[in-house]
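For reference, the chains in residue letters:
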Amino acid sequence: MLVGALALVLLLLGYFLGEAFLGSGLFGLIIALVIWAVMNLIAYFQGGALILSLSRARKIGPNDHPRLWNVVEEMKIASGLEKMPEVYIIDDPAINAFATGRSPKHAAVTVTSGLLQKMNRDELQGVVAHELSHIQNRDVLLMTLCSVLLGTIVILAWYGSRVMLFSGGSGGRRSSSGGGGNGAAVIMIIALLLAILAPIFAQLIYFAISRKREYLADASGALYTRYPEGLASALEKIADSTVGVKSANQAFAPMYIANPFRKEGRSASDLTSTHPPIRERVRILRSMAGGASFVDYNKAFQQVRNNKQNIIPSSALAGAAGLVTTRQPETGSQVAESQQKVERAREVSATLDRLNKYTALACQCGTAFRIPPDYKGKVVRCPRCGRDNQIPNK
Amino acid sequence: MVIGAIIGIVVGVIVLVLVIWLFTTYNGLVGLRNQTKNAWSQIDVQLKRRHDLIPNLVETVKGYAAHERQTLEAVIQARNTAVGAVGKGVGEQAKAEGGLSGALSKLFAVAEQYPNLKANENFLALQEELTSTENKISFSRQFYNDSVLQYNNKTQMAPSNIVAGMFGFKSGEFFQVETPAEKEVPKVSFK
């Protein structure tokens, strides 16, 4: 329904701009649709590859980071995805993750190295489940279409208002083609108003769609893992971190698990955010009271928001609350947690070094170090004992 | 003449809608039934993977904790029982797999006492694989049950139950965990 509203904004804008400049609303409409269709095609076939290259993501295999790979595979099974998505790591201290790909068959999950360091297995599972549900619900495609729609509106409005300003508001060709100066002026004003307001409206609608899909992905995350606390505590860790994603791109913000620009928190019920406030998402997940189904999530949502709105599509709300029960956590005690953190950090840096084709070298004094690929065939002095080490040339 | 044509068109449209509904419902039922079958085979895949991993694990542990013979033998025995139970019906298989889970959790508990073993990369990798396989087994079961629920809802609820009855779609069976030991996922702590 919201997507329809977004499309309507585009159609209205196209119609009135066409009416004002080209003398035919229909013609403007067609131009708007053609631009939209072309941009869609580009986004459809290039979107995934584009964002992955923009954010400098590295593709991994089952042996590069077994825990991440296994968790993705576990969630692939739990969500019933037909094909194992590709898995990528970004070398970035920020804690975030996102999904890309136009369909469940062409999909990828990407996590930052910061996330891999900070999350224990249960939390990682929650995050990956959230992302896979974006893939399963085809949110990636939906949000790509919407952001293209939004982009088209912005472009049309920008050119429209430029032309209006430079033609001195005389109404362009319309006034010379006759047909009552009064009517032409009215259309001119409507077109101008639309050119200014359409992008704003479109953005608000776009953000609303994005927030709704986030709630749905959270609910699916709880359902797939049967453990809402995992996702809740992962979101808490994300909220506590203060680093934004270096290579984030505005257009893809809805695909991240949390807003990559770290604007939220300042105003909790922000209309201009792609994501609902994290604290609220955590509160909803923690209010699910032992259940893990969509019904439980919907109930918790209504309880936290204090209203009767259904956040989950009503077709998915069959059955009673509490039918699907949660399970026990997998990860051990809190004491183990700090030790694990060190281990996880080591693991991630080893993975990244391997992906960057670093060579492992052990000096005779027992110091182990990793050498960047451009040092091949050179001699490196050990920082501890001062011995010269020859780097193999392969 | 005109009225006849209108009646004809209306009847035609109704029949067409009915036929389309029949086809989509039938296809939906087939799709769901295949999904449950596929989910079932996923469980088998993961169980087999676990059986394959265990000899490797036992070899690795032997190198560091050879005198934990009893525990190691119990694992091997449980594994052989589980392999033997493949294809002997859900009940027996579930029981054997439950025994294997129990033996494995004992082995991992024993491994806690051997720092050298715990630092062994091979062992760590195997531990990760086995933990994950254990998870995958329970997630495939979970998805199987979710699929059965979806399929059963469709075969039993009106109006799709009419189509299900016409073409003999029978309700699926849930995977129930039968032995208490099977319910317990072995606690593997990564100290």
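Residues numbered from 1 in each chain as written. Chains lettered and ligands numbered in written order. Predicted model: local features only at pLDDT ≥ 70, side-chain atom pairs only at ≥ 80, totals over all residues.

1. Focus: the overall build of chain B
Rule in force here: Helix and strand definitions follow DSSP, with helices as H or I runs of at least four residues and strands as E runs of at least two, each counted in order from the N terminus. Atoms counted for the radius of gyration: C-alpha only. Globule rule: 2.2 Å times residue count to the power 0.38. Note on contacts: each residue gets a C-beta atom placed from the backbone, and two residues are in contact if those atoms are within 7 Å.
For chain B, the count of helices and strands is 7 helices and 0 strands. Written out in order from the N terminus, the α and β elements of chain B read α-α-α-α-α-α-α. Relative to the globule expectation of 16 Å for 191 residues, the C-alpha radius of gyration of chain B, 25 Å, shows a markedly less compact shape. By sequence separation, contacts in chain B at least 24 residues apart represent 78% of the contacts at least 6 residues apart.

2. Description of the overall build of chain A
For clarity, the threshold we go by: With C-beta atoms placed from the backbone, the exposure class of a residue follows from how many other C-beta atoms lie within 10 Å of its own: 20 or more, buried; 12 or fewer, exposed; in between, partly exposed.
Counting its secondary structure elements, chain A contains 12 helices and 8 strands. In chain A, which comprises 394 residues, the proportion classed as buried is 44%. When contacts within chain A are restricted to residue pairs at least 6 apart in sequence, those whose partners lie at least 24 apart make up 65%.

3. Quick look at the sheet that holds strand β3 (residues 97-103) of chain A
Residues and elements named next belong to chain A. We count it as follows: We treat two strands as partners when DSSP finds at least two bridges between them. Simply put, an axis is a line fit to the C-alpha atoms, just over the touching stretch for a helix, and the angle between two N-to-C directions goes from 0 to 180 degrees.
Spatially, β1-β2-β4-β3 is the arrangement adopted by the 4 strands of the open sheet, whose pairing is mixed. Strands at the two margins of the open sheet, each flanked by one partner only, are β1 (57-60) and β3. Strand-to-strand twist of the sheet, defined as the mean angle between neighbouring strand axes without regard to direction, takes the value 25°. Packing against the sheet, helix α3 (residues 66-79) makes contact with β1, β2 (86-90) and β4 (106-112), and its axis sits at approximately 140° to β2.

4. Considerations on helix α9 (residues 228-240) of chain A
To be explicit about the condition: To estimate the expected span of a helix, count its residues, drop one, and scale the result by 1.5 Å.
Compared with an ideal rise of 1.5 Å per residue, which puts 13 residues at 18 Å, α9(A) spans 19 Å between its outermost C-alpha atoms and is within 8% of the ideal. Among the residues making up α9(A), those that are buried are A:Pro228, A:Gly230, A:Leu231, A:Ala232, A:Ala234, A:Leu235 and A:Ile238.

5. Considerations on the nonpolar core
Where we set the bar: Here, a nonpolar core denotes buried Ala, Val, Leu, Ile, Met, Phe, Trp, Tyr and Cys residues that are linked to one another through C-beta atoms within 7 Å.
Membership of the largest hydrophobic core comes to 104 residues, with the highest contact counts inside it found for A:Leu13, A:Val109, A:Val127, A:Val128, A:Leu149 and A:Ile153. Looking at which element gives the most residues to this core, the answer is helix α8 (residues 181-225) of chain A, with 17 residues. In contact with A:Val127, other than residues within four places in its own chain, are A:Ala97, A:Leu115, A:Met119, A:Leu231, A:Ala234 and A:Ile257. Counting 14 residues, the second-largest nonpolar core is a separate cluster that includes B:Leu57, B:Val61, B:Leu72 and B:Leu130.

6. Some points on the pairing of β2(A)
All names here are of chain A. Counting buried residues in β2 gives 4 out of 5 residues, a clear majority hidden from the surface. Here β1 pairs with β2 via 4 bridges, running antiparallel. Counted as the bridge partner of Ile60 is Val87 from β2. Pairing of β2 with β4, which is carried by 5 bridges, proceeds in the parallel orientation. If you follow Glu86 over to β4, its bridge partner there is Ala108.

7. Some words on the environment of B:Gln142
Structurally, the position occupied by B:Gln142 is in helix α5 (residues 121-156). When the 22 C-beta atoms within 10 Å are taken as the criterion, B:Gln142 is described as buried. Here the alpha-carbon distance between B:Gln142 and B:Ala39, two residues 103 residues apart in the chain, equals 9.2 Å. Excluding residues within four positions of it along the chain, B:Gln142 makes contact with A:Ala78 and A:Arg226.

8. Quick look at unusual backbone geometry
Residue and element names in this part refer to chain A. Notably, Arg138 is not glycine yet its phi reads approximately 55°, a positive angle. Structurally, the position occupied by Arg138 is in the loop between α5 (121-136) and α6 (139-166). Exposure remark for Arg138: the 17 C-beta atoms within 10 Å place this residue in the partly exposed category. Although it is not a glycine, Arg226 adopts a positive phi angle of roughly 55°. Residue Arg226 is classed as buried on the basis of its C-beta count, with 21 C-beta atoms lying within 10 Å.

9. What to know about the confidence of the model for chain A
Residue and element names in this part refer to chain A. Put simply, the rule is: One confidence number per residue, pLDDT, is output by the predictor and ranges from 0 to 100.
When pLDDT is averaged along chain A, the result is 77; 79% of the residues meet or exceed 70. Here residues 169-179 is a poorly scored stretch, pLDDT under 50, and it has 20 contacts once near neighbours within four places are set aside; other chains count. pLDDT under 50 marks residues 264-269. Its contacts with residues more than four places away, or in other chains, come to 7 contacts.

10. Concerning the packing of α5(A) against α9(A)
Two quantities define a packed helix pair, namely the angle between the axes and the distance from one axis to the other. All names here are of chain A. Rules: Orientation categories follow fixed angle ranges, with anything under 35 degrees roughly parallel, anything over 145 roughly antiparallel, 65 to 115 roughly perpendicular, and all other angles oblique. Following the grouping adopted for this structure description, the nonpolar residues are Ala, Val, Leu, Ile, Met, Phe, Trp, Tyr, Cys and Pro, the charged ones are Asp, Glu, Lys and Arg, and the polar ones are all others, Gly among them.
Running from N to C, α5 and α9 cross one another at 90°; their axes reach a closest spacing of 7 Å. The orientation of α5 relative to α9 falls into the category roughly perpendicular. Residues Asp122, Glu123, Gln125, Gly126, Val127, Ala129 and His130 of α5 form the contact with α9, whose own contacting residues are Gly230, Leu231, Ser233, Ala234 and Lys237. Here the contact of α5 with α9 is built from residues that sort into 4 nonpolar, 5 polar and 3 charged.

11. Considering helix α11 (residues 294-305) of chain A
Its 12 residues give α11(A) an end-to-end C-alpha distance of 16 Å, which sits within 8% of 16 Å, the value for a rise of 1.5 Å per residue. A:Asn306 sits one or two residues past α11(A) and shows a positive phi near 60°.

12. Let's talk about the confidence of the model for chain B
Residue and element names in this part refer to chain B. For chain B, per-residue confidence averages 82 on the pLDDT scale, and 91% of positions sit at 70 or higher. Note that pLDDT drops below 50 for residues 178-184; the model gives that stretch 17 contacts with residues more than four away or on any other chain. Predicted as a complex, the structure gets a pTM of 0.78 and an ipTM equal to 0.77.

13. Comments concerning the environment of A:Ile30
With respect to the helices, strands and loops of the structure, A:Ile30 is situated in helix α2 (residues 25-54). Sequence separation between A:Ile30 and A:Ala198 is 168 residues, and the spatial gap between their C-alpha atoms is 18 Å.

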